[in-house]
Amino acid sequence: HYSGLEEAVYRNIQACKELAQTTRTAYGPNGMNKMVINHLEKLFVTNDAATILRELEVQHPAAKMLVMASHMQEQEVGDGTNFVLVFAGVLLELAEDLLRMGLSVSEASYIVIEGYEKACKKALEILPDLVCSSAKNLRDVEEVASLLHTSVMSKQYGNEQFLAKLIAQACVSILPDSGHFNVDNIRVCKIVGAGISASSVLHGMVFKKETEGDVTSVKDAKIAVYSCPFDGMITETKGTVLIKNAEELMNFSKGEENLMDLQVKAIADSGANVVVTGGKVADMALHYANKYNLMLVRLNSKWDLRRLCKTVGATALPRLTPPTLEEMGHCDSVYLSEVGDTQVVVFKHEKEDGAISTILIRGSTDNLMDDIERAVDDGVNTFKVLTRDKRLVPGGGATEIELAKQITSYGETCPGLDQYAIKKFAEAFEAIPRALAENSGVKANEVISKLYAVHQEGNKNVGFDIEAETAAVKDMLEAGILDTYLGKSWGIKLATNAAVTVLRVDQIIMAKPAGGPKPPSGKKDWDEDQND
């Protein structure tokens, strides 16, 4: 029997282990998909840990720590969320073995935490020595595509060649000279139909909208953007107009028409030939837009309006005033097109150095396209990480086995009890190649013993070969399976921090309303005067 405090620690560890086990089977290219139905009854079919965690409502406070660490990894690196979960889960599982060895929980927790922190520091010292190559030229589409293979492969195994090329084209085309790459500048537009291989990249923006007026195509577009409705001004107060005869009635509507005519004519005279509005389009305004050959596009989302302004270099005007040359946007062509049976409006730049690129995804079902979008998102984030740090480490469990080997040696040189924790930390790294092997249907122990044997000979870049039928290993650098250095170092740091935080907790105290009868409600209008 454990005391109450010990029981709390074990329960916390148990909750975290269960969460890690959920995503562990989804790890790597051969990972299984999860069907997640969230609180809104929306169905997700994916093996992306970040999405699974976002849609699961994790209630247990200790397991939430792991979820938070995983979210931090998503924000910092954009990929490697499953690595954080699996690694933190195994660290806690192995800590449980140490806690059961006989010391009191508070004493053992302290030793384990101390050992884990030392080992984490050592792992981050060793990691730079494991760098096997660096990205040379981030403006070369072929090279960038080869570097994005690994992150895309884990979500879309089989389509990675095609998707990595698309993502590379989109990223390279908008990489600014300063090198500060913004993930938001790669847009994704999903249209049902055809297949993945019909997906393409467009320099500019694509909206699933139809044009409002008769004009459906404009070359060398000069664009006026309005954040208000395309309509006449409406007065704040209501007025009553008394009309005595038919002539007055005619003149009354004519005044409004003339005013609208003048406004639209002024916009057309300024040189604009495309009008984008953020509100509704009045019938009368539409009539005059057609009269002056203006193309009208309506965007309901203010975010879309902002991004379009950024793409074409326009300023969104709050009132229907004619735009100046500085406020107008420019674009090579704006046209209405049909993709499958969906009408889309395309704002296209012919030159490749635009501010925004759009990846047009085609697929047979919405779920499939959502999953491809997540793969694209990971690829784009990997490119962003490479613009910050070009170093790469071998994937496929090679880095983890090398770290495990070196940290075990380091643990043996440490005096004191924390050497046990350091060795367990090293053992935790084995979980990554183990998960890859188990998900590929291969005996994990066989894979790990082979990897250790090859690494003892000094081959640092050898990892698990997921494409072989048996427990085989191969050189990851030659195979082109590489992980980003930043992704690994943040993953190790965040997983260790999460595990250590959970181990420091010995009680969960929840603030809830106390039991007992409810207070009397009393009369609602007790303070009103009774004499009324």
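Values in this document were obtained by computation on a predicted structure and should not be read as measured data.

What counts, and where the lines are drawn
Residues numbered from 1 in each chain as written. Predicted model: local features only at pLDDT ≥ 70, side-chain atom pairs only at ≥ 80, totals over all residues. Heavy atoms only, no water. Helix = DSSP H or I, 4+ residues; strand = E, 2+ residues; numbered from the N terminus. Rg over C-alpha atoms; globule rule 2.2 N^0.38 Å. Buried < 20%, exposed > 50% of the residue type's maximum accessible area, 1.4 Å probe, protein only. Contact = heavy atoms within 4.5 Å. Axes fitted to C-alpha atoms, helices over the stretch in contact; angles between N-to-C directions. Parallel < 35°, antiparallel > 145°, perpendicular 65-115°, else oblique. Left-handed = near helix turned anticlockwise from the far one by under 90°. Nonpolar A, V, L, I, M, F, W, Y, C, P; charged D, E, K, R; others polar. Patch = residues over 30% accessible without salt bridge, like charges linked within 9 Å, V, L, I, M, F, W, Y side chains within 5 Å. Areas by Shrake-Rupley, 256 points an atom, 1.4 Å probe, with all protein chains shown as cover. Salt bridge = Lys/Arg side-chain N within 4 Å of Asp/Glu carboxyl O. Pairing = 2+ DSSP bridges. Lys, Arg positive; Asp, Glu negative; His and termini not counted. Charge placed at Lys NZ, Arg CZ, Asp CG, Glu CD. Phe/Tyr/Trp six-rings, centres within 6.5 Å; stacked < 30°, edge-to-face > 60°. Domains from an automatic or database assignment. Core = buried A, V, L, I, M, F, W, Y, C linked by side-chain atoms within 4.5 Å. 1 Å grid on protein atoms, 1.4 Å probe; cavity = no way out; pocket = protein on both sides within 12 Å on 5 of 7 lines; lining within 4 Å. Points joined across faces, edges and corners; volume = space filled by probe spheres on them. Expected span 1.5 Å × (residues − 1).

### Looking at the overall build of the chain
Logical step 1: Each helix and strand in the chain was counted, giving 17 helices and 16 strands.
Logical step 2: Rg of the C-alpha trace for the chain: 30 Å, well past the compact-globule value of 24 Å for 532 residues, more than 25% over.
Logical step 3: Its C-alpha atoms put the chain at 105 × 85 × 40 Å along the principal axes.
Logical step 4: In the chain, buried positions account for 50% of the 532 residues.
Logical step 5: A separation of at least 24 residues holds for 75% of the contacts in the chain among residues at least 6 apart in sequence.

### Things to note about the packing of helix α3 (residues 61-76) against helix α17 (residues 485-504)
When two helices pack together, their arrangement is given by the angle between their axes and by how far apart the axes lie.
Logical step 1: Interaxial distance between α3 and α17 falls to 9 Å at its minimum, and their mutual angle equals 160 degrees. Looking at the two axes, α3 sits roughly antiparallel to α17. Once α3 is placed against α17, the crossing between them reads as right-handed. For the pair α3 and α17, contact is made by A62, M65, L66, A69, M72, Q73 and E76 and by G487, W490, G491, L494, A498, T501 and V502, respectively.
Logical step 2: Tallied by class, the residues present in the contact of α3 with α17 amount to 9 nonpolar, 4 polar and 1 charged.

### Focus on a nonpolar patch on the surface
Logical step 1: A surface patch of nonpolar side chains, amounting to about 380 Å² of accessible area, comprises V241, I243, L249 and F252.
Logical step 2: Inspection of the secondary structure assignment puts I243 in the loop between β6 (217-226) and α8 (246-269).

### Some details on the sheet that holds strand β3 (residues 133-134)
Logical step 1: The strand order β3-β13-β16 describes an open sheet built from 3 strands, whose pairing is antiparallel. Because the sheet does not close on itself, it has two edges, and the strands there are β3 and β16 (482-484).
Logical step 2: Of the pairings in the sheet, the one linking β3 to strand β13 (residues 391-394) comprises 2 bridges and is antiparallel in character. Bridge pairing in β13 places S134 opposite R391.

### A word on the pattern of salt bridges
Close approach of charged atoms allows side chains of opposite charge to pair.
Logical step 1: Counting across every chain of the model gives 25 salt bridges.
Logical step 2: D483 is paired through a salt bridge with K488; the nearest N and O atoms lie 3.0 Å apart.
Logical step 3: For D483, a relative accessible area of 21% corresponds to the partly exposed category.
Logical step 4: Judged by its relative accessible area of 7%, K488 is buried.
Logical step 5: Among the charged side chains, a network of salt bridges with common partners joins K17, E96 and R100.

### Here we look at a negative patch on the surface
Logical step 1: Taken together, the side chains of E210, E212, E338 and D341 present a region of like negative charge at the surface.
Logical step 2: Structurally, E212 is set in the loop between β5 (200-207) and β6.
Logical step 3: Here E212 falls in the partly exposed class, since its relative accessible area comes to 30%.

### Quick notes on the pairing of strand β10 (residues 329-339)
Logical step 1: In this sheet, β10 lies alongside β6 in antiparallel orientation, the contact comprising 6 bridges. Bridge pairing in β10 links S217 to Y335.
Logical step 2: Of the strand pairs in this sheet, β10 and strand β11 (residues 342-348) are connected by 7 bridges, and their pairing is antiparallel. Bridge pairing in β11 places V339 opposite T342.
Logical step 3: From the end of β10 to the start of β11, which pair antiparallel, there are 2 residues, and G340 there has a positive phi angle of about 65 degrees.

### As for the packing of aromatic side chains
Logical step 1: Enumeration according to the criterion identifies 7 aromatic pairs in this entry.
Logical step 2: On the basis of an interplanar angle of 80 degrees and a centroid distance of 5.5 Å, the ring pair of F87 and F425 is categorised as edge-to-face. Here the residue F87 occupies a position in helix α4 (residues 81-99), and F425 occupies one in helix α13 (residues 418-428), the gap between them amounting to 338 residues.
Logical step 3: Note on F87: relative accessible area 0%, which makes it buried.
Logical step 4: With a relative accessible area of 0%, F425 lands in the buried category.

### Examining the domain arrangement of the chain
Logical step 1: Considered domain by domain, the chain is made up of domain 1 (4-133 + 393-504) and domain 2 (205-346).
Logical step 2: If you average the C-alpha positions of domain 1 and of domain 2, the two centres end up 55 Å apart.

### Some words on the nonpolar core
Logical step 1: Within the largest apolar cluster, 73 residues are counted, with the highest numbers of intra-cluster contacts made by L66, Y116, I407, F425, F429, I492 and L503.
Logical step 2: Setting aside its immediate chain neighbours within four residues, L503 contacts I13, L92, A95, L99, S109, V112, I113 and Y116.
Logical step 3: Counting 34 residues, the second-largest nonpolar core is a separate cluster that includes I167, F181, V183 and V380.

### Description of empty space enclosed by the protein
Logical step 1: Evaluation of the coordinates by the stated rule reveals 1 cavity of 30 Å³ or more.
Logical step 2: By volume, the largest cavity amounts to about 660 Å³.
Logical step 3: Taken together, 37 residues form the lining of the largest cavity, with Y27, D79, T150, S154 and D483 sitting closest to its centre.
Logical step 4: The element best represented in the lining of the largest cavity is helix α6 (residues 141-153), accounting for 4 residues.

### Concerning α17
The α-helix winds at 3.6 residues per turn, so residues separated by three or four positions along the chain end up facing the same way.
Logical step 1: With 20 residues, α17 should reach 28 Å at 1.5 Å per residue; the first-to-last C-alpha distance of 29 Å fits that figure.
Logical step 2: Of all 20 residues making up α17, 15 are buried, and the element is well covered by its neighbours.

### What to know about the pairing of β6
Logical step 1: Here β6 runs beside strand β7 (residues 274-277); their pairing, made up of 4 bridges, is parallel. Bridged to I223 within β7 is V274.

### A short note on the packing of helix α12 (residues 398-413) against α13
Logical step 1: Orientation of α12 relative to α13, taken along the N-to-C sense of each, is 175 degrees, at an axis distance of 8 Å. Considered as vectors, α12 and α13 are oriented roughly antiparallel to each other. On α13, the residues touching A404, I407, T408, Y410, G411 and E412 of α12 are Q419, I422, K423, F425 and A426.
Logical step 2: For the contact of α12 with α13, the class distribution of residues is 6 nonpolar, 3 polar and 2 charged.

### Examining the side chain of T399
Logical step 1: Assignment of secondary structure puts T399 in helix α12.
Logical step 2: Exposure remark for T399: the relative accessible area of 1% places this residue in the buried category.
Logical step 3: In this structure T399 touches L127, L130, V393, P394 and K488, once residues within four positions along its chain are discounted.

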